[in-house]
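Spelled out from the first residue to the last, the chains are:
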Amino acid sequence: MNTEHAKLVLVSGLSGSGKSIALNALEDAGYNCIDNLPVSLFETLARDMREANAPASLTAIGIDARAPCNELEKVPALIRQLRDHGIACEIIFLEADTDILIQRFSETRRRHPLTDSSHDLETAIEQERRLLTPLADASDLTIDTSRTTLHQLREIIRERVADRRSGELSLMLQSFGFKHGLPRNANFVFDVRCLPNPHWHPELRPLTGRHQAVADFLEDSEAVNRMYEELHAFLQRWIPCFEAEGRSYLSIAIGCTGGQHRSVYLAERLRRSFEQLGRAVLCSHRELA
């Protein structure tokens, strides 16, 4: 096999966070997928890939907390060894809020793999978080699926992982509302609550930042245009520095009060601009979902 085109994606995360959905999306994109792979077999796979004898150039594996803790701690080092041999490797980690995970297990009536007579569901989830810390800390991309639908998760995996060209940085622009809490795992968070708020105009209140009437209102503001220009200049200046460090993913969160108007408008305007510059951009609106 030509290792120049080899790629390995390791998918891990909390039970109920969508690991199977992520692996299915990668399989649909042409990856050879193996779920719940024992770490001992991953070591064998890593050795075969280093020796250029792997059966396919695109491989995705799922590893979860059922593996012994001392084995999970070995995984980041194995990933580094593969990278040192010129094989593109990424760790994708999925998580969600504890109350969301409890709700999902209740709805599906599935059993959490770590529950037993001495561990209830909430305790098992927190234990799983601790066990997976080595993979979470080493992850290239962490996805919080607390407010993500199955369709949205598939789209994220397809656009940010499967379809991304080797060496290309995937840029995520996410709008959100501060009153609903900060998004997890954003590399930058920008607060645009200082800008004029369409919410206070009855004819604009039911609309979003995607509607032309809201865009027209905001573009009439010098402050909005200045905010956009300075955000754009900041990102355009610093994104290449992240690329130079070998970063594959960068997440930018833009927040207003409710996540309906100002943040949505600015995220969409930045998306259009960076797409025109040839960048791979995914735009997500947390509160609109």
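Residues numbered from 1 in each chain as written. Predicted model: local features only at pLDDT ≥ 70, side-chain atom pairs only at ≥ 80, totals over all residues. Heavy atoms only, no water.

Looking now at the packing of helix α9 (residues 212-219) against helix α11 (residues 262-276). The geometry of α9 relative to α11 is characterised by a closest axis approach of 10 Å and an angle of 90° between their N-to-C directions. One finds that α9 runs roughly perpendicular with respect to α11. Residues Ala-215, Leu-218 and Glu-219 of α9 form the contact with α11, whose own contacting residues are Arg-262, Tyr-265 and Arg-269. Residues that form the contact of α9 with α11 fall into these classes: 3 nonpolar, no polar and 3 charged. (Axes fitted to C-alpha atoms, helices over the stretch in contact; angles between N-to-C directions. Helix = DSSP H or I, 4+ residues; strand = E, 2+ residues; numbered from the N terminus. Parallel < 35°, antiparallel > 145°, perpendicular 65-115°, else oblique. Contact = heavy atoms within 4.5 Å. Nonpolar A, V, L, I, M, F, W, Y, C, P; charged D, E, K, R; others polar.)

A full pass over the atoms with the stated rule returns 5 aromatic pairs. Judged by centre distance (6.1 Å) and plane angle (15°), the ring pair of Phe-188 and Phe-190 falls under stacked. Under the relative-accessibility criterion, Phe-190 is labelled buried at 18%. Note on Phe-188 and Phe-234: the rings are 5.4 Å apart at their centroids and 85° apart in plane angle, and the pair reads as edge-to-face. You can see Phe-188 sitting in strand β7 (residues 188-191) and its partner Phe-234 sitting in helix α10 (residues 222-244), a full 46 residues away along the chain. When the ring centre of Tyr-249 is taken as origin, the NZ or CZ atom of Arg-164, which lies over that ring, is 4.7 Å away. Sitting above the plane of the Phe-178 ring, Arg-193 keeps its charged end 3.7 Å from the centroid. (Phe/Tyr/Trp six-rings, centres within 6.5 Å; stacked < 30°, edge-to-face > 60°. Buried < 20%, exposed > 50% of the residue type's maximum accessible area, 1.4 Å probe, protein only. Lys NZ or Arg CZ within 6 Å of the ring centre and 35° of its normal.)

In this section: the nonpolar core. Of all hydrophobic cores here, the largest spans 31 residues; its most connected members are Leu-8, Phe-42 and Ile-63. Mapped onto this core, the elements with two or more residues apiece are β1 (7-13), α2 (39-50), α4 (75-84), β4 (88-95) and α6 (121-131). Of all the elements, α2 adds the most residues to this core, at 5 residues. Apart from residues no more than four positions distant in its own chain, Phe-42 is found in contact with Leu-8, Leu-10, Leu-37, Ile-61, Ile-63, Val-75, Leu-78 and Ile-79. (Core = buried A, V, L, I, M, F, W, Y, C linked by side-chain atoms within 4.5 Å.)

Moving on, we get to the packing of helix α1 (residues 19-28) against helix α8 (residues 150-162). Running from amino to carboxyl end, α1 crosses α8 at an angle of 50°, the nearest separation of the two axes being 9 Å. Our classification of the angle between α1 and α8 gives oblique. Crossing of α1 over α8 shows right-handed handedness. Along the contact surface, α1 presents Ile-21, Ala-22, Ala-25 and Leu-26, while α8 presents Leu-150, Leu-153, Arg-154, Ile-157, Val-161 and Ala-162. Here the residues of the contact of α1 with α8 are counted per class, giving 9 nonpolar, no polar and 1 charged. (Left-handed = near helix turned anticlockwise from the far one by under 90°.)

Time to look at the environment of Phe-188. Along the primary structure Phe-188 and Ala-65 are separated by 123 residues, whereas in three dimensions their C-alpha atoms are 30 Å apart. Discounting residues that sit within four places of it in the chain, Phe-188 has contacts with Phe-234, Phe-242, Leu-250, Ser-251, Ile-252 and Ala-253.

This part is about the sheet that holds β7. Taken in spatial order, the 4 strands make up an open sheet running β7-β8-β6-β9, and their pairing is parallel. For this open sheet the edge positions go to β7 and β9 (280-285), each flanked by a neighbour on one side alone. Between one strand axis and the next, the sheet turns by 20° as a mean value, whatever way the strands run. Bridging between β7 and strand β8 (residues 249-256) involves 4 bridges; their strand directions are parallel. The residue of β8 that forms the bridge with Phe-188 is Ile-252. With respect to the sheet, α8 is in contact with β6 (170-177), β8 and β9, its orientation differing from that of β9 by roughly 160°. Set on the sheet, α11 makes contact with β6, β8 and β9; between it and β9 the angle comes to about 170°. (Pairing = 2+ DSSP bridges.)

Here we take up the side chain of Ser-248. Among the secondary structure elements, Ser-248 is positioned in the loop between α10 and β8. Classification of Ser-248 as buried rests on a relative accessible area of 17%. For Ser-248, the contacting residues outside a window of four places in its chain are Glu-90, Arg-164, Glu-168, Leu-169 and Ser-170.

Moving on: the layout of surface pockets. Quantified by volume, the largest pocket comes out at close to 680 Å³. Every residue lining the largest pocket is counted, 30 residues in all, and those nearest its centre are Asp-144, Thr-148, Gln-174, Ser-284 and Arg-286. Mapped by element, the contributors of at least two residues to the lining of the largest pocket are β5 (141-144), α8, β6 and β9. The residue inventory of the lining of the largest pocket, partitioned by class, reads 11 nonpolar, 11 polar and 8 charged. (1 Å grid on protein atoms, 1.4 Å probe; cavity = no way out; pocket = protein on both sides within 12 Å on 5 of 7 lines; lining within 4 Å. Points joined across faces, edges and corners; volume = space filled by probe spheres on them.)

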